[in-house]
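The residues making up each chain are set out below.
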Amino acid sequence: MATSIAGLHHVTAIASDPQRNLDFYTTVLGLRFVKRTINFDDPGTYHFYFGDDTGTPGTILTFFPWPGARRGRAGAGEVSATAFSIPFGSRSFWTARLKEHSITFSEHSRFGANVLAFQDPDGMSIELVEHKETHPGAAPRYSDVPAEYAIQGFYGVTLLLKRLEHSAELLGVMGMTQIGQEGNRTRFAPEGEALGRFIDILVDSKAPHAAPGAGSVHHIAFRTPDDAGQAEWRKILAPHADVTTVQDRTYFRSIYFREPGGVLYEIATDIPGFLIDEPAESLGEALRIPAWYEPSRSAIEARVAPISLHKTANTVSEVTK
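Please read all numbers here as calculations on a predicted model, not as lab measurements.

S.K.: Could you clarify how one ought to interpret the overall build of the protein chain in this entry?
M.R.: A count of helices and strands for the protein chain gives five helices and 18 strands. Against the compact-globule benchmark of 20 Å for 321 residues, the protein chain has a radius of gyration of 19 Å, which places it among compact chains. By principal-axis analysis of the C-alpha atoms, the protein chain measures approximately 50 × 45 × 35 Å. For the protein chain, the proportion of its 321 residues judged to be buried stands at 54%. Taken as a whole, the protein chain presents about 13500 Å² of accessible surface, with 51% of it coming from carbon and sulfur. Within the protein chain, the 38 negative side-chain charges are centred at a point lying 4 Å from the centre of the 30 positive side-chain charges.

S.K.: Could you clarify how one ought to interpret the pairing of strand β7 (residues 113-119) in this entry?
M.R.: Successive residues of a regular strand alternate their side chains across the two faces of the sheet. By the criterion of burial, β7 is predominantly enclosed, with five of the seven residues buried. In sequence, strand β6 (residues 105-110) turns back onto β7 through a hairpin of two residues, with Phe111 there showing a positive phi of about 50 degrees. Pairing geometry for β7 and strand β8 (residues 125-131), over five bridges, is antiparallel. The residue bridging Gln119 from the neighbouring strand is Ser125, located in β8.

S.K.: Looking at this structure, how should I read helix α1 (residues 18-28)?
M.R.: The periodicity of an α-helix, 3.6 residues per turn, causes residues three or four places apart in sequence to face the same way. Along α1, the residues that are buried comprise Pro18, Asn21, Leu22, Phe24, Tyr25, Thr26 and Val28. The backbone nitrogen of Gln19 has a side-chain oxygen 3.3 Å away, supplied by the residue at the start of α1, namely Asp17. Note on α1: the residue one or two positions beyond its end, Gly30, has a positive phi of about 75 degrees.

S.K.: For this particular structure, what's the right way to read the pattern of salt bridges?
M.R.: Side chains that carry opposite charge are capable of pairing whenever their charged atoms lie near each other. A complete count under the given rule lists 18 salt bridges for this structure. The salt bridge partner of Asp277 is Lys35, with a shortest N-O separation of 2.6 Å. Taken together, the residues span a long stretch of sequence, with Asp277 in the loop between β16 (264-269) and α5 (297-303) and Lys35 in strand β2 (residues 32-39) at a distance of 242 residues. Here Lys35 falls in the buried class, since its relative accessible area comes to 0%. Among the ionic pairs, Asp41 bridges to Arg249, the shortest N-O distance being 3.9 Å. In this pair, Asp41 is assigned in the loop between β2 and β3 (42-51) and Arg249 in the loop between β14 (247-248) and β15 (253-258), connecting sequence segments 208 residues apart.

S.K.: Before we go on, may I ask you to explain the pairing of strand β5 (residues 78-87) in this structure?
M.R.: Taken across its ten residues, β5 has nine buried, putting it largely inside the fold. Sheet topology note: the β5/β8 ladder contains six bridges and is parallel. Looking across to β8, one finds that Thr82 is bridged to Ile126.

S.K.: Please explain the sheet that holds β6 as it appears in this structure.
M.R.: Consider a sheet: its strands pair through backbone hydrogen bonds, and that pairing is either parallel or antiparallel. On the basis of which strands lie adjacent, the open sheet formed by eight strands has the order β6-β7-β8-β5-β9-β12-β11-β10 and mixed pairing. The open sheet has two edge strands with one neighbour each: β6 and β10 (177-182). This sheet shows a mean twist of 25 degrees between the axes of neighbouring strands, independent of strand direction. Across four bridges, strand β11 (residues 185-189) lies against strand β12 (residues 198-203) in antiparallel orientation. Looking across to β12, one finds that Thr186 is bridged to Ile201. Across the sheet, helix α2 (residues 91-100) touches β5, β6, β7 and β8, and the angle it forms with β7 is around 15 degrees.

S.K.: Explain the environment of Phe222 here, please?
M.R.: Residue position: Phe222 is located in strand β13 (residues 217-224). The class for Phe222 is buried, based on a relative accessible area of 0%. Residues Phe222 and Ser254 lie 32 residues apart in sequence; the distance between their C-alpha atoms is 9.6 Å. Once residues within four sequence positions are removed from consideration, Phe222 is found in contact with Ile5, Gly7, Leu8, His9, Met174, Met176, Ile199, Tyr265, Glu266, Ile267 and Ala268.

S.K.: What am I meant to see in the side chain of Asp122 here?
M.R.: Its place among the elements puts Asp122 in the loop between β7 and β8. With relative accessibility at 4%, the residue Asp122 sits in the buried group. Side-chain polar atoms of Asp122 contact the side chain of Arg20, separated by 2.9 Å. Sequence-distant contacts of Asp122, defined by excluding residues within four places in its chain, comprise Ala15, Ser16, Arg20, Arg71, Ala214 and Gly215.

S.K.: Help me understand unusual backbone geometry in this model?
M.R.: What is expected of a backbone is that most residues other than glycine have negative phi and most peptide bonds are trans. Note that the residue after Ile271, namely Pro272, is joined by a cis bond; omega there is 0 degrees. You can see Pro272 is positioned in the loop between β16 and α5. Its identity as a non-glycine residue notwithstanding, Ser102 has a phi of 60 degrees, on the positive side. Looking at the element boundaries, Ser102 is found in the loop between α2 and β6.

Cut-offs and rules
Residues numbered from 1 in each chain as written. Predicted model: local features only at pLDDT ≥ 70, side-chain atom pairs only at ≥ 80, totals over all residues. Heavy atoms only, no water. Helix = DSSP H or I, 4+ residues; strand = E, 2+ residues; numbered from the N terminus. Rg over C-alpha atoms; globule rule 2.2 N^0.38 Å. Buried < 20%, exposed > 50% of the residue type's maximum accessible area, 1.4 Å probe, protein only. Areas by Shrake-Rupley, 256 points an atom, 1.4 Å probe, with all protein chains shown as cover. Lys, Arg positive; Asp, Glu negative; His and termini not counted. Charge placed at Lys NZ, Arg CZ, Asp CG, Glu CD. Pairing = 2+ DSSP bridges. Polar contact = N/O pair within 3.5 Å; in protein donor to acceptor, adjacent residues only side chain to side chain. Salt bridge = Lys/Arg side-chain N within 4 Å of Asp/Glu carboxyl O. Axes fitted to C-alpha atoms, helices over the stretch in contact; angles between N-to-C directions. Contact = heavy atoms within 4.5 Å.

Printed below as a string of structure tokens:
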């Protein structure tokens, strides 16, 4: 049997302006800018990674920031909300912080947990869920969010789909079981208490189909520890989905497939991680590209825009590439 899927490894979305995207996730949400690399399928554009201090699997939100990208249209067949876990008792801190940054938000309860819901500058739906479980990861060192209030990683995601049955069956193949239901929302989770383990399916048979663009989630990735575990999952999933060959993403290896409702899934390895090409102290400061693109580095650097990194509270460090 393959090693159980513990939860999310990362979520990848689409943004428009690179600097605005970086500013929001580091200076508003207090995440660490873990890695600055390129889109391996579009090497003239960035791929940003945000997470905890070292990019622990289960904390990583990544973006393809395409300057000038048109706004996506929310709808069925995609992730409709990405939720982070915040420590129990930190809601008042986050409501005050969102107000300080003029972020419009709403508050509600879901499955007994307090939820703060808002959008990022591109319209991506973000939630902060006050969670009684604690996941003491490394708080980002270049953030003014106190460690006791820092985002701990993912809580989960919500998929907006037209139907439940076939998508639920595939989650069952992946070792997830139904653990709750509220109205047209059904929650699934694997065993254990790992970060990002809650997968909610919100069913709306009349929802329009989603159109990708800025503010859309491109795909979600689930965790497997290593290459052997990933190979086992590829065998298990092959009768149920059209699974790709293994793709080398430098910091992890990936396989991809679409679930029946249209959401693109990935299973990514925990290894080798984000510390293989730069130390923890300077993560994200230099543009990192895979070896096969190194001969084109000058052309790539000429195409991507300079960005400013926020390295310490209220201090900006100017870094170009």
